[in-house]
There are 2 protein chains.
Amino acid sequence: MAHRAELIAVGTEILLGNIANTDAQMLSEKLAELGVDVLYHTVVGDNPGRLRAALELARTRVDVIITTGGLGPTYDDLTKQTICETFGRKNVLHPELEAWLREWFAQRGRTMTENNLRQAYLPENCTIFHNHNGTAPGCAFCEGGVHVLMLPGPPHECSLMFETGAADYLRALSHDVIASHTLRIYGKGESEVEMLLHDRIAAMTNPTVAPYAKPDECMLRVTAKAASREEAERLLGPAVDEVMGVVGEWVYGVDVDNLESVCVAALKARGATLSAAESCTGGLIAKRITDVPGASAVFLGGVVSYTNGVKAHVINVPEALLDEFGAVSEPVARAMAEGVRAVTGSDYALAVTGLAGPDGDDRGNPVGLVYVALASPDGTVVRECRFGRRTREHIRQQAANTALDMLRRKLQ
Amino acid sequence: MAHRAELIAVGTEILLGNIANTDAQMLSEKLAELGVDVLYHTVVGDNPGRLRAALELARTRVDVIITTGGLGPTYDDLTKQTICETFGRKNVLHPELEAWLREWFAQRGRTMTENNLRQAYLPENCTIFHNHNGTAPGCAFCEGGVHVLMLPGPPHECSLMFETGAADYLRALSHDVIASHTLRIYGKGESEVEMLLHDRIAAMTNPTVAPYAKPDECMLRVTAKAASREEAERLLGPAVDEVMGVVGEWVYGVDVDNLESVCVAALKARGATLSAAESCTGGLIAKRITDVPGASAVFLGGVVSYTNGVKAHVINVPEALLDEFGAVSEPVARAMAEGVRAVTGSDYALAVTGLAGPDGDDRGNPVGLVYVALASPDGTVVRECRFGRRTREHIRQQAANTALDMLRRKLQ
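Not measured: the values here are computed from a predicted model.

Rules used in this analysis
Residues numbered from 1 in each chain as written. Chains lettered and ligands numbered in written order. Predicted model: local features only at pLDDT ≥ 70, side-chain atom pairs only at ≥ 80, totals over all residues. Heavy atoms only, no water. Helix = DSSP H or I, 4+ residues; strand = E, 2+ residues; numbered from the N terminus. Expected span 1.5 Å × (residues − 1). Buried < 20%, exposed > 50% of the residue type's maximum accessible area, 1.4 Å probe, protein only. Least-squares fit on C-alpha atoms with pLDDT ≥ 70 in both. Contact = heavy atoms within 4.5 Å. Pairing = 2+ DSSP bridges. Axes fitted to C-alpha atoms, helices over the stretch in contact; angles between N-to-C directions. Salt bridge = Lys/Arg side-chain N within 4 Å of Asp/Glu carboxyl O. pLDDT = per-residue confidence, 0-100.

### Things to note about helix α2 (residues 22–34) of chain A
Residues and elements named next belong to chain A.
Phase 1 of the analysis: Across its 13 residues, α2 extends 19 Å between first and last C-alpha, which sits within 8% of the 18 Å expected from 1.5 Å per residue.
Phase 2 of the analysis: Along α2, the positions that sit buried rather than exposed are Asp23, Ala24, Gln25, Met26, Leu27, Ser28, Glu29, Leu31 and Leu34.
Phase 3 of the analysis: At the exit of α2 stands Gly35, carrying a positive phi of roughly 80°.

Below, the structure is given as structure tokens:
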């Protein structure tokens, strides 16, 4: 039977709304991949009585408890001390952790204060999880059939410790190996994708297919459980093919990060270069392309032409076009793409001009009207998009997504 | 005594890690402002038994229960039905909601299916909260001294319904009015700010001061409780002045959205214009400035000069400078700012050149070295920044923040 988990976050800062409980989302997604069912998320403040009550309740209803937060030196060991009391374990000094901590501070030329030594204390007879992004170690132990895992709160510490320690601990609880592939989709919403695949999803048991909504796009995760990784991969192949047969037209990549990383990789593979001219997206396309490490090998540069003057003088959009058709028009989008391609000497060029709102323009064009152009050695194509009266942020992201999707379709 | 609240989110998609429980953060922050203590966040799946148990537990430990999610037509009324059973209320048709729903669908030319009618059912004798962003209404009632509020799950529906309905319901539970001002800080971390204000924060009871960490910056919220808004504002004035006396140097605005909106407002107030030339930030400054509605009144445009060719030919950075000092240098940052200012004809111009990583350059410059320049009618200033070996994302955001902070200090 699958293990059943509860995530308990300890932190008054979450209850004050200072930060979101993103650890819970990250852990839930990873636990689903490991085949662990998450039944509850709980958040309590830095309060030993309430944490104790939450732990006592959790041990009656799940067999895996994962706590996040409350391990650092400033928290008075709240989580550790309370867990030790609840599960009847001693909180003891682990000499190898003390040595590691002293080394950590010595290497950085910093003095280790006494409260830092508290981080070397963990429950007796536990599996230690090392912290590669901070000083508070985590751990796991099993008491009365219930596995208790303690992870740090800061997301980059929690996430790395899960990957490098907790995931293996949980995998060892099961004889099965879980493997998955993620299909990333642009141009079809989660509900449409689910509808297209509904009968197949319902009929599948191993592998399984689950749709996930992400901002402005969606993804499908195909997951298989088997006795070995090889066997799991053998199961995944035909399932991925089956899904691709239905929604492949909108899948821009499998096990990839995002549209921009797919574009950068495809440009690199061709030895081709890119530039961008942006009006309503205001630099968003350039920003997203240059978010990708190594983008400098393919991205030559861009122009944010927020005024007709910049359009005319920097990327040579003919003023006659601006006068006749207005800045938000098919001919101007085309001239922007071709202009920035000529000025930078790139192989490909994207251009966007449109109305992100809140106001329309003096030609009566509606908010949400956007022209996206792609200039290439084969010529220039322009797409007219109507994103409707949504938020400025939504219209800008959709315009950038459309541009990047046009480019990746051209390159793939 | 302050009311004590538990937030119960209903949604398997949260337990699967599909989405983060951002409603809980949003509500916690707003409840803190209203003086309601949030003691627990709980998440359960679309499972009536577990939701019922969570509600039974919550009614024993808090006097305000706020549920989010599970109100829409596809959820089989999970939340409503379970709440009605738990608190012994009938789930009844509210004719005014039925009329509103029929009108909603008619106006959009859509057929209202029978399951949509379920949204017109709410517990008898409740306060209805209208949904201005969707079709599922929410509500509140009091049973046995416990207030139960039901809000929809989609964040934009939940947030607006809180503002337009739930907040007033909760305010009416207290005789006091809560008012607050938020001081936004750049250039000092949360822990440094807390240390500078520690004794004052500890000594204050009404108003209170609380520091909040935000990505790459922090903020202080000063909150007062009084019999009227006027009285609360009278209390806030001297407290804000006292805090400003200590950390005012780093406060870029009170009750403002972010650095970029402060810059756009300051430019508008002066009738001045801005342009930007970006190398390592790759369009991030332009993107952030144009995130602000109405930015087109002050932002003329920008150039993303990711290569020496674009630096030389589009914004006229002398090739001799690029050869002698390299692209990441004080003279090139200066020439980029002055070049984009000349090309666009703007009053002010920002320029950034640096190494965001993961690799250094062939001159041996380290990752994290960034030059930020501000050109203005008074001349050009350049700041050398060393952001250290952090993530690409962090270095880019800090470079953009530094540029925007230099501009707002110049303008204010």
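### Description of the relation of the copies chain B and chain A
Phase 1 of the analysis: Least-squares fitting of chain B to chain A yields an RMSD of 0.1 Å, with the transformation described by 0.1 Å of translation along the axis and a rotation of 180°. The operation mapping one copy onto its partner corresponds to a two-fold rotation axis.
Phase 2 of the analysis: Both copies contact each other with a shared surface, as 100% of the interface residues of chain B are interface residues in chain A too.

### Considerations on the sheet that holds strand β6 (residues 127–129) of chain A
Phase 1 of the analysis: The sheet built from 12 strands is open, its strands ordered β6(A)-β7(A)-β8(A)-β3(A)-β1(A)-β2(A)-β2(B)-β1(B)-β3(B)-β8(B)-β7(B)-β6(B) with mixed pairing. The strands lining the two open edges of the sheet, one partner per strand, are β6 of chain A together with β6 (127–129) of chain B. The average undirected angle you get between the axes of adjacent strands in this sheet is 15°.
Phase 2 of the analysis: Bridge count for strand β2 (residues 37–44) of chain A against strand β2 (residues 37–44) of chain B is 5 bridges, and the pairing is antiparallel. Within β2 of chain B, the residue paired with Thr42 of chain A across the bridge is Thr42 of chain B.
Phase 3 of the analysis: Along the sheet face, helix α4 (residues 78–87) of chain A touches β1 (4–10), β3 (64–68), β7 (138–143) and β8 (146–151) of chain A and points at about 170° away from the line of β8 of chain A.

### Quick word on the pattern of salt bridges
Phase 1 of the analysis: Tallied over the entire structure, the rule returns 44 salt bridges over all chains.
Phase 2 of the analysis: Its salt-bridge partner being Arg184 of chain B, residue Glu217 of chain B comes within 3.1 Å of it at the nearest N-O pair. Here Glu217 of chain B, found in strand β11 (residues 217–226), pairs with Arg184 of chain B, found in strand β9 (residues 177–185); they are 33 residues apart in sequence, far enough to count as distant. Across the pair, exposure class does not vary: Glu217 of chain B and Arg184 of chain B are buried alike.
Phase 3 of the analysis: Each member of the salt-bridge network shares a partner with another, and the members are Glu29, Glu33 and Arg221 of chain A.

### Regarding the confidence of the model for chain A
Phase 1 of the analysis: With 99% of its residues at a pLDDT of 70 or more, chain A has an overall mean of 92.
Phase 2 of the analysis: Predicted complex, confidence summary: ipTM 0.79, pTM 0.81.

### Some points on the side chain of Ser376 of chain A
Residues and elements named next belong to chain A.
Phase 1 of the analysis: Relative to the elements of secondary structure, Ser376 occurs in strand β16 (residues 369–376).
Phase 2 of the analysis: The class of Ser376 is buried, set by a relative accessible area of 5%.
Phase 3 of the analysis: For Ser376, the residues in contact, after removing those within four places along its chain, are Arg341, Asp347, Tyr348 and Lys410.

### A closer look at the packing of helix α15 (residues 392–411) of chain A against helix α11 (residues 284–291) of chain B
Phase 1 of the analysis: As a packed pair, α15 of chain A and α11 of chain B sit with axes 11 Å apart at the nearest point and diverge in direction by 145°. Each of Arg392, Glu393 and Arg396 of chain A in α15 of chain A lies in contact with α11 of chain B, whose residues at this interface are Lys287, Thr290 and Asp291 of chain B.

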